[in-house]
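# Structural description and commentary
The primary structure of each chain is shown beneath.
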Amino acid sequence: MTTVDPNFSEHADREARRARLFTRINAADKWFQVLGLSWITPVLKAAAGDNPAAQAKEIWRLLAVPLLAICAFLVMWGTLAPKIETSLGAVPGPQQVWTEALNLHKDAQAKAQSKAEFEAKVAQLNERLVAQGKEPKQRAYTGAPTYYQQIWTSIQTVFFGFLIATAIAVPLGIAAGLSPTANAALNPLIQIFKPVSPLAWLPIVTMIVSALYVTQDGWFAKSFLISAITVTLCSLWPTLINTSLGVASIDKDLVNVSKVLKMNTWTKITKLVLPSALPLIFTGLRLSLGVGWMVLIAAEMLAQNPGLGKFVWDEFQNGSSSSLAKIMVAVFTIGIIGFLLDRVMYALQSLFTFTNNR
């Protein structure tokens, strides 16, 4: 009768556990990449004992090098900024910008508290009016929006405009990709309108919306619609072009199969065209959302519509000693939100496609 060496059995169990651990790390790596945190994977692998030297090189490339670049940027910024004098004083360095970011946070908290106190007083007044048999009064808080509220307004606006652009661009792109006639009809319009600046669209959109949207109690504020439609007009082109390209590049064998199976148009689009073209469609969507975010800030600045763009313009017009630092806080906010929006679209792309494009 043979006996199993206990040491061998223990070693096999340990190797099996390590294999399962590495499998989980590799599975999680996909989402680390989506979040822009791909450096976590080599850290976890090094901690698990998987070729520490090779993982150290990956950690250096993915984590240490970017951190050193950021530190070098901050040092250069902090060194050169005080030497540049503007009409609002010296260019603020990292410390001043961070201080203003904290001040904006404190100001947002103070405004939120002020709004809560106002609403509490209105509620107490209405309770007394109801007790006296009178109609309660509806009073809206008229204080200035907080920095976070302006951020949220911009995010809502860009997504609304982006969704409208997607609803227009994807069907037109599919039509252009499937039909040479539709492509010939759309191509001149794309080439003419794609390069048009949002600064050119904005006055036209403002006049048309003002003429057509005359209600005072609609679902959307007029300024919101103006900004959102401007975003739509400027951001639909990347999605339209990439959708058309993705549909047109479908494998001809698949198209022949659809003809053999006598698929109707709807089945052909949903079962064949969209799954095959999704990688390029999502590439267009990511580009469109990025374009829309840039366009929105410019539109808000020019039209003085609520949002981050208006915040930047108001601080520029304010001309106080802290205005430039607040503008730089907004610049970093815009950049960070743009990065997060791209990560959101990449997460959706990872869920619905099988590509590894980042």
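Refer to the structure presented above.
Residues numbered from 1 in each chain as written. Predicted model: local features only at pLDDT ≥ 70, side-chain atom pairs only at ≥ 80, totals over all residues. Heavy atoms only, no water.

## Let's talk about the overall build of the protein
Quick note on the threshold: Secondary structure is summarised from DSSP: a helix means a run of H or I of at least four residues, a strand means a run of E of at least two, and numbering begins at the N terminus for each. This radius of gyration counts C-alpha atoms alone. The globule rule is 2.2 Å times how many residues there are, raised to the power 0.38. Burial here depends on accessible area, computed with a 1.4 Å probe over protein chains only, as a share of the maximum for the residue type. Under 20% is buried, over 50% is exposed, and the range in between is partly exposed. Residues are treated as being in contact if the distance between any of their heavy atoms lies within 4.5 Å. Note on areas: Shrake-Rupley, 1.4 Å probe, and residue coverage restricted to the protein chains presented here. His is not counted, nor are the chain ends; Lys and Arg add positive charge and Asp and Glu add negative charge. Each charge is placed at NZ for Lys, CZ for Arg, CG for Asp and CD for Glu.
Assigned secondary structure in the protein consists of 12 helices and 2 strands. The helix and strand sequence of the protein, counted from the amino end, reads α-α-α-β-β-α-α-α-α-α-α-α-α-α. In summary, the protein has a C-alpha radius of gyration of 28 Å against a globular reference of 21 Å for 358 residues, an excess of more than 25%. Referenced to the eigenvectors of the C-alpha coordinate spread, the extents of the protein come out at roughly 95 × 60 × 60 Å. Counting every position in the protein, which comprises 358 residues, the buried fraction comes to 33%. Within the protein, residue pairs in contact and separated by at least 24 positions form 69% of the contacts whose partners lie at least 6 positions apart. Working note: accessible area of the protein is about 21600 Å², and carbon and sulfur atoms make up 66% of it. Positive and negative charge centroids in the protein, built from 30 and 21 side chains respectively, lie 5 Å apart.

## Re the packing of aromatic side chains
Working definition: an aromatic ring pair is given by the centre-to-centre distance plus the angle between the planes. Inclusion rule: Ring geometry is summarised as follows: Phe, Tyr and Trp rings, the Trp one being its six-membered ring, pair when their centres sit within 6.5 Å, and such pairs are stacked at plane angles under 30 degrees, edge-to-face over 60 and tilted between the two.
The full count for this structure, using the stated rule, is 7 aromatic pairs. Here Phe160 and Phe224 contribute two aromatic rings whose centre-to-centre distance is 5.3 Å and whose plane-to-plane angle is 50 degrees, an arrangement assigned as tilted. Of the two residues, Phe160 sits in helix H5 (residues 147-178) while Phe224 sits in helix H8 (residues 222-248), which places them 64 residues apart along the sequence. By relative accessible area, which is 24% here, Phe160 ends up partly exposed. Judged by its relative accessible area of 18%, Phe224 is buried. Following the ring pairs from residue to residue traces out a cluster consisting of Phe73, Trp77 and Phe332.

## So, the pattern of salt bridges
Note the following rule: Any Lys or Arg side-chain nitrogen found within 4 Å of a carboxyl oxygen on Asp or Glu counts as a salt bridge.
Within the structure shown, the criterion is met by 5 salt bridges. The closest approach of N and O atoms between Lys310 and Asp314, which form a salt bridge, is 2.8 Å. Here Lys310 pairs with Asp314, and both are found in helix H11 (residues 308-318), just 4 residues apart, close to one helical turn. Given the relative accessible area of 23%, Lys310 is considered partly exposed. The shortest N-O distance in the salt bridge between Arg343 and Asp342 comes to 3.3 Å. Linked by salt bridges that have partners in common, Arg286, Asp342 and Arg343 make up one network.

In short, geometric facts, not functional conclusions.
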